[in-house]
Amino acid sequence: MDVMSFRTPGLGDQTYLLTHEGKGVLVDPQRDIDRFLRAAAARDVDLRFVLETHLHNDYVSGAEQAALRTGAELVLPAAAAAAYRHTPAFHLEEIDGGGLVIRPIHTPGHTPEHTSYLVLIDGEPVAIFSGGSLLVTSAGRPDLLGPERARSLARLQHISLRRLAALPPGLALFPTHGEGSFCTTTGAGRLTSTIGSEIEHNPLLAIDDADKFADELMAFPMPIPAFYRHMGPANTLGVPPMPPVTVPALGPDDVPAASHVIDIRPRQAQARGMLPGSLGIEPADDFGSWAGWLLPYQEPITLVAEPGQDLAEAVTQLAQIGIDTVHGVVRDLGEAATQTYELLDLAAFIERLAQPDAQLLDVRMPSEWRQTWVAGAVKRFLPDLFTQGIPAELDRDRPVLVACGTGRRAAIAGSHLARQGYRPVVLTDAGIPDIVTALKARDAA
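Predicted model, so just to flag it, every value in this text is computed and none were measured. (Residues numbered from 1 in each chain as written. Predicted model: local features only at pLDDT ≥ 70, side-chain atom pairs only at ≥ 80, totals over all residues. Heavy atoms only, no water.)

A look at the overall build of the chain
Along its length, the chain carries 14 helices and 24 strands. Taken against the 2.2 N^0.38 rule, which gives 22 Å for 445 residues, the C-alpha radius of gyration of the chain at 24 Å falls within 12% of a compact globule. Reported as C-alpha extents along the three principal axes, the dimensions of the chain are approximately 70 × 50 × 35 Å. Within the span of the chain, comprising 445 residues, buried residues form 57% of the whole. Across the chain, contacts joining residues at least 24 apart in sequence account for 69% of those joining residues at least 6 apart. Surface summary for the chain: the accessible area is close to 18,100 Å², and the carbon and sulfur share equals 53%. Of the side chains in the chain, 36 bear a positive and 54 a negative charge, and the two mean positions are spaced by 4 Å. (Helix = DSSP H or I, 4+ residues; strand = E, 2+ residues; numbered from the N terminus. Rg over C-alpha atoms; globule rule 2.2 N^0.38 Å. Buried < 20%, exposed > 50% of the residue type's maximum accessible area, 1.4 Å probe, protein only. Contact = heavy atoms within 4.5 Å. Areas by Shrake-Rupley, 256 points an atom, 1.4 Å probe, with all protein chains shown as cover. Lys, Arg positive; Asp, Glu negative; His and termini not counted. Charge placed at Lys NZ, Arg CZ, Asp CG, Glu CD.)

Description of the sheet that holds strand β23 (residues 400-403)
Strand pairing in a sheet relies on backbone hydrogen bonds, with the paired strands running either antiparallel or parallel. On the basis of which strands lie adjacent, the open sheet formed by five strands has the order β20-β24-β23-β21-β22 and parallel pairing. The outermost strands of the open sheet, each flanked by one partner alone, are β20 (342-344) and β22 (378-379). Where strand β21 (residues 360-362) meets β23, three bridges bridge the pair, whose relative direction is parallel. Across the sheet, residue D362 finds its bridge partner in β23, namely A403. (Pairing = 2+ DSSP bridges.)

So, the packing of aromatic side chains
Following the criterion strictly, the structure yields seven aromatic pairs and no others. Both rings, one in F227 and one in Y228, keep their centres 5.2 Å apart while their planes meet at 75°; by these two values the pair is edge-to-face. Taking the relative accessible area as the measure of exposure, F227 reaches 1% and is therefore buried. With 5.6 Å between their ring centres and 80° between their planes, W293 and F381 make a pair best called edge-to-face. With a gap of 88 residues between them, W293 in helix α8 (residues 287-294) and F381 in the loop between β22 and α12 (382-387) connect regions that are remote in the sequence. For W293, a relative accessible area of 10% corresponds to the buried category. (Phe/Tyr/Trp six-rings, centres within 6.5 Å; stacked < 30°, edge-to-face > 60°.)

Examining the pattern of salt bridges
In the structure shown here, the tally under the stated rule is 18 salt bridges. For D211, the salt bridge is made with R155, and the minimal N-O distance between the two is 3.0 Å. Linking D211 in helix α5 (residues 210-218) with R155 in helix α3 (residues 147-165), this pair joins segments that are 56 residues apart in sequence. Classification of D211 as partly exposed rests on a relative accessible area of 34%. (Salt bridge = Lys/Arg side-chain N within 4 Å of Asp/Glu carboxyl O.)

Regarding α3
Its 19 residues place the ends of α3 27 Å apart at the C-alpha level, agreeing with the 27 Å of an ideal helix rising 1.5 Å per residue. Of the positions making up α3, those classed as buried are A150, L153, A154, Q157, H158, S160, L161, L164 and A165. (Expected span 1.5 Å × (residues − 1).)

Digging into the sheet that holds strand β10 (residues 124-131)
One open sheet accounts for six strands, arranged β7-β8-β9-β10-β13-β14; its pairing is mixed. If you trace the sheet from one side to the other, it starts and ends with β7 (95-96) and β14 (193-194), each paired once. Strand direction decides the pairing type here: strand β8 (residues 100-106) and strand β9 (residues 115-121), joined by seven bridges, are antiparallel. The partner of L100 across the bridge, within β9, is I121. In this fold α3 packs onto β8, β9 and β10, with an angle of close to 150° to the strand it touches most, β8. (Axes fitted to C-alpha atoms, helices over the stretch in contact; angles between N-to-C directions.)

Here you go:
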């Protein structure tokens, strides 16, 4: 047996391809299925099953399309009641693949229908694919379907984790959610594990009482990206194949008035000049997540890119969360790039912070604010700038100094402030913890 892992870092998720004697099992595939099918073809593997552990809330699935492309048997939790043809997985009702058997284990908690899959070869258990149930030193969060159901789902998660912990300790554990995922409760660390390792190291398995367990899971809820609410319905009804990753070229005057403009050039180029109304989001693993979180879902998008800059990754990340509305790219802004902001390194930023008219905006997550902060800073998490508005304490007529943890979110916020008529000054390649350290060093000198 061999298990290949396909990491999608920006979403904190993993897809798995298990192979055994020429047969393959694909588990929780992302929408861009070509990378999985190429790997199976390169190993001359006949894809026998495509398994979904749950109706995902953080990405649109490629499971149906992978099954249609390959002829594999598509297996979903019976309680998911998806609107497309599939084999329903019932608790402990084994699905025989000829020497390779799939045993579904109902593990509700992350979602009500959630099902883990125990794989047996020649009657011996060899792997458990736990989806969003038991994670490495963590568990899938129970609140994605709303706060009203969170405690009930958390109590179910308590039962499900113990159900999985009763499996053989040497059994390999392959969760879907991991580090970087907003579907985890405590920030899962490593990507794979064993049942025995989790019994020893997962703090949630040490909590015997269901209500205390629920309290722990719900103590410090992480933010929920805005696009999540669209993922479950899409995965219930079915998702069309991936769109093309190529988009037509446009001139600055060709951008439709209804289109949201995302500038994907490096922040240095953005700061020098953007199309008015643009939002700057540099390419990175989390590009699609930020675009889906900050902009209205599925509305038209125009990209701004440098000449020769590759668009494939940006378009793919948007498609992974169901956004197929990129209709063009502008590569030559000409004289239209009039929206600007200022970038400063740490030393220059601290000098500006010492000026009497300084006002600092901290756009990190609330959990980060609890760890370290700068006195007097105005706090607003980046997505809340879009939903709650720019804080009234900020004076539009004075420069707004913007910082986060590393400079990435601050640059996004800076572009948003600029398009709202503010004068942002963005700390680049450093963050609030660096400011705190520098200020302490200065005061001690």
